[in-house]
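Coordinate inspection notes
Take a look at the letters that make up each chain.
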Amino acid sequence: MNFLIDPKYNGSWVSTNRELSREELSDLVLGNDVVIADLDDCILPSPAKRLAFEELKDIRSYLNIDYVLWRLETAIALIKSGRSSETECWKEYVELFLQSHEQRQKAKQKINKLLEEGKLKEYPGAAEFFSLVLRDNESYLLTRNIPEITEIFKEKYRFGFALSQVWNKQALSAVFAISSRKKYLIVGDSAGIADPIPD
């Protein structure tokens, strides 16, 4: 891996898997027709994980047997399978605790409050990066989160479209790219989201 911007400066970094100059990389990144970006742990720490973590701080959650069981099952899954189990754990969280309109609105308010208080911050350079690459492009924000929370970030970064509760981001990214002959920029950290897409 070749660092164009080293991680020791501000914690932000840019690397490529082949020799490219900054100018060549800039041309590649800015010369796309469509941008597909993963929100969770890519633009900022996962709002989904933060929401579940915030619930741990609420003493009332310890009185909710469903929440206690979910936490236990999640801990076991994370120990056994690590990060690959996160999607299934979040999916179960949504099914158990975010089904009603009231629950979803409360979750949205919690995320907005964390953003306002600076307790949920985007990664350095994210806003600047997306202000450059989303200028005249068709753009899609993908996330496992619920639509009420997804909408916050769609508006903040000015994505054209936002897709919520996307459980398989790589497959969805591939469907986009296979359906046309446009040039794509795929931004993400999910396992396989940026794997080469077959011609």
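Now for a description of the structure that goes with this document. (Residues numbered from 1 in each chain as written. Predicted model: local features only at pLDDT ≥ 70, side-chain atom pairs only at ≥ 80, totals over all residues. Heavy atoms only, no water.)

**Observations regarding the overall build of the chain**
Regarding its fold elements, the chain presents eight helices and six strands. Start at the N end of the chain and walk to the C end: the helices and strands fall as β-β-α-β-α-α-α-α-α-β-α-β-α-β. A buried classification covers 40% of the 199 residues belonging to the chain. Element-wise, carbon and sulfur atoms account for 53% of the exposed surface of the chain, whose accessible area totals about 12000 Å². (Helix = DSSP H or I, 4+ residues; strand = E, 2+ residues; numbered from the N terminus. Buried < 20%, exposed > 50% of the residue type's maximum accessible area, 1.4 Å probe, protein only. Areas by Shrake-Rupley, 256 points an atom, 1.4 Å probe, with all protein chains shown as cover.)

**Focus on the sheet that holds strand 3 (residues 34-38)**
Taken together, the four strands give an open sheet; going across it, the order is 5-4-3-6, and neighbouring strands pair in parallel fashion. The open sheet terminates on both sides in strands that have one partner only, identified here as strand 5 (161-163) and strand 6 (184-187). Pairs of neighbouring strands in the sheet enclose a mean axial angle of 15°, with direction left out of account. Those strands touched by helix 6 (residues 126-133) are strand 3 and strand 6, and its axis lies near 165° from that of strand 6. (Pairing = 2+ DSSP bridges. Axes fitted to C-alpha atoms, helices over the stretch in contact; angles between N-to-C directions. Contact = heavy atoms within 4.5 Å.)

**A few points about helix 3 (residues 65-81)**
The terminal C-alpha atoms of helix 3, which comprises 17 residues, lie 24 Å apart, in line with the 24 Å expected from a rise of 1.5 Å per residue. Every buried residue belonging to helix 3 is among Tyr 67, Trp 70, Thr 74 and Ala 77, and all of these are buried. With its buried residues spanning 90° around the axis, helix 3 presents them on a single face. The exposed set on the far side of helix 3, more than 90 degrees from its buried face, consists of Ile 65, Leu 72, Ile 79 and Lys 80. Buried residues belonging to helix 3 abut helix 2 (47-57) and helix 4 (86-97). Sitting at the amino-terminal end of helix 3 is Asn 64, which places a side-chain oxygen 2.9 Å from the backbone nitrogen of Asp 66. With its phi angle positive at about 65°, Gly 82 sits one or two positions after the end of helix 3. (Expected span 1.5 Å × (residues − 1). Arc of directions from axis to C-beta. Polar contact = N/O pair within 3.5 Å; in protein donor to acceptor, adjacent residues only side chain to side chain.)

**Some remarks on the nonpolar core**
Grouped together as the largest cluster of nonpolar side chains are 36 residues, with contacts concentrated most on Ile 43, Tyr 93, Leu 98, Ile 111, Phe 130, Phe 153 and Phe 159. Excluding residues that lie within four positions of it along the chain, Ile 111 makes contacts with Pro 47, Leu 51, Leu 120, Ile 149, Ile 152 and Phe 153. Membership of the second largest hydrophobic core comes to five residues, among which are Ile 36, Tyr 140, Leu 142 and Ile 186. (Core = buried A, V, L, I, M, F, W, Y, C linked by side-chain atoms within 4.5 Å.)

**Digging into the side chain of Asn 145**
Mapped onto the fold, Asn 145 is located in the loop between strand 4 (138-142) and helix 7 (147-157). Judged by relative accessible area, which is 0%, Asn 145 ranks as buried.

**Let's talk about the pairing of strand 4**
A large share of strand 4 lies buried, amounting to four of its five residues. Looking at chain direction, strand 3 and strand 4 are connected through five bridges and run parallel. Looking across to strand 4, one finds that Ala 37 is bridged to Leu 141. Where strand 4 meets strand 5, three bridges bridge the pair, whose relative direction is parallel. Bridged to Leu 141 within strand 5 is Ala 162.

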